[in-house]
Amino acid sequence: MLIVGNWKAYVESGKTAQALVASAKKLTGLGHDIVLAPSAPYLGLLAVGNKAKVAYSAQDISDSTGGAHTGETTGAQLRDLGVSYTILGHSERRACGETDEVVLSKTKHALAQGLTPIICIGEKERDADAHYLAYLRGQIAHIFAPLSQQERMQLVLAYEPIWAIGKTEDEAITPQDLREMILYIRKALGEYLPGRAPESVKILYGGSVEEGNAKMLADATGIDGFLVGHASADAKAFTGIVKAIS
Ligand code: PGA
């Protein structure tokens, strides 16, 4: 499975960052792809010259390419550091005003730099009339429709229902609901990809993944991995998740 640790802004010391990496490196023999997503300053510290099997992701990239854009971190800069992935459209970025158009533009920049985009989608809440399904379909359409077939196949999707983020494992999605959502998402992808191609698009789940629920969410739900938030900033908790599914 693909396990991405989104440290968000939980980690605020280089020493802690290095300790988390040392601990993650011990998990590389368990047969999973481990990707760490530190904040931008720590990417500079950790990704340069990285020879370990742990890969790195940015938490976001700029909507612009290089030039007069104070405060921005471009895809080209991240690629230059040795970063392989970037999370895009995380709900915490969307809450700051990031639109689907901006997520699409960032996706194109990431692909142009050879970074694999991990596109976050997910509903704020669930309504009895299932309007949230149409909402998800819309998020998928905004990204997938304008891209070429070849570009679509390079995306990783992270289904992160906002209501399940930053809680505890008891409040995360149930395996049965997750299985249904993954089927729904793959069906929606069928509008943009031919035949069995939607089955090859990696879909991660994120939202309060912890040691106690990782295995049951991984089993028989059709997901290809996890986007782990708070638990990834704690070496013991992250190790517990990876071991639970190994
Ligand atoms: P969480 O965050 O694991 O803390 O719920 C997941 C995410 O927002 O990526």
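Preceding this section is the structure that the text describes.
Keep in mind it's a predicted model, so treat the numbers as computed, not measured. (Residues numbered from 1 in each chain as written. Predicted model: local features only at pLDDT ≥ 70, side-chain atom pairs only at ≥ 80, totals over all residues. Heavy atoms only, no water.)

Examining the overall build of the protein chain
The helix and strand tally for the protein chain stands at 10 helices and eight strands. Taken against the 2.2 N^0.38 rule, which gives 18 Å for 246 residues, the C-alpha radius of gyration of the protein chain at 17 Å falls within 12% of a compact globule. Considered along the principal axes of its C-alpha atoms, the protein chain spans approximately 50 × 45 × 30 Å. The buried share of the protein chain, reckoned over its 246 residues, is 49%. Restricting the contact set of the protein chain to residue pairs at least 6 apart, pairs at least 24 apart contribute 71%. Charge-centre separation for the protein chain: the mean point of 24 positive side chains lies 7 Å from the mean point of 28 negative side chains. (Helix = DSSP H or I, 4+ residues; strand = E, 2+ residues; numbered from the N terminus. Rg over C-alpha atoms; globule rule 2.2 N^0.38 Å. Buried < 20%, exposed > 50% of the residue type's maximum accessible area, 1.4 Å probe, protein only. Contact = heavy atoms within 4.5 Å. Lys, Arg positive; Asp, Glu negative; His and termini not counted. Charge placed at Lys NZ, Arg CZ, Asp CG, Glu CD.)

Describing unusual backbone geometry
Its identity as a non-glycine residue notwithstanding, A130 has a phi of 60 degrees, on the positive side. For A130, the position within the fold is in the loop between strand 5 (116–121) and helix 6 (131–144). A130 gets classed as partly exposed once you look at its relative accessible area, which sits at 28%. We note that S208 has phi near 55 degrees; this positive angle belongs to a residue other than glycine. Looking at where S208 falls in the secondary structure, it is placed in the loop between strand 7 (202–206) and helix 9 (211–218). A residue is classified by how much of its surface remains accessible, and S208, at 5% relative accessible area, is buried.

Overview of the environment of Y159
Tracing the sequence through the fold places Y159 in strand 6 (residues 156–159). Its relative accessible area of 0% is what places Y159 among the buried residues. Taking the C-alpha atoms as reference points, Y159 and G206, separated by 47 residues in sequence, lie 6.2 Å from one another. In this structure Y159 touches I121, G122, E123, R126, L136, I173, L178, M181, I185, L204, Y205 and G206, once residues within four positions along its chain are discounted.

Some points on the layout of surface pockets
Taken as a whole, the largest pocket encloses approximately 420 Å³ of empty space. In this structure, the largest pocket is lined by 21 residues; those nearest its centre are A40, Q59, D60, I61 and R93. At the level of elements, helix 2 (40–46) and helix 4 (91–94) are the ones that each hand at least two residues to the lining of the largest pocket. Taken together, the residues that form the lining of the largest pocket break down as eight nonpolar, seven polar and six charged. (1 Å grid on protein atoms, 1.4 Å probe; cavity = no way out; pocket = protein on both sides within 12 Å on 5 of 7 lines; lining within 4 Å. Points joined across faces, edges and corners; volume = space filled by probe spheres on them. Nonpolar A, V, L, I, M, F, W, Y, C, P; charged D, E, K, R; others polar.)

Focus on the packing of aromatic side chains
Inspection of every chain in the model, using the stated rule, returns two aromatic pairs. Both rings, one in F144 and one in Y192, keep their centres 6.2 Å apart while their planes meet at 35 degrees; by these two values the pair is tilted. Of this pair, F144 sits in helix 6 while Y192 sits in the loop between helix 8 (175–189) and strand 7, placing them 48 residues apart in sequence. Residue classification places F144 among the buried positions, given a relative accessible area of 0%. A relative accessible area of 14% places Y192 in the buried class. Aromatic pair Y159 and Y205: ring centres 6.4 Å apart, planes at 55 degrees, arrangement tilted. In this pair, Y159 is assigned in strand 6 and Y205 in strand 7, connecting sequence segments 46 residues apart. The same class applies to Y159 as to Y205, namely buried. (Phe/Tyr/Trp six-rings, centres within 6.5 Å; stacked < 30°, edge-to-face > 60°.)

Structural notes on the side chain of S62
Here S62 is to be found in the loop between strand 3 (55–58) and helix 3 (75–81). A polar contact of 2.6 Å, which involves the side chain of S62, links it to the side chain of E72. Not counting residues up to four positions away in its chain, the partners in contact with S62 are E72, T73, T74, K106 and H109. (Polar contact = N/O pair within 3.5 Å; in protein donor to acceptor, adjacent residues only side chain to side chain.)

So, to be careful, I would describe these as geometric facts and stop short of saying anything about function.
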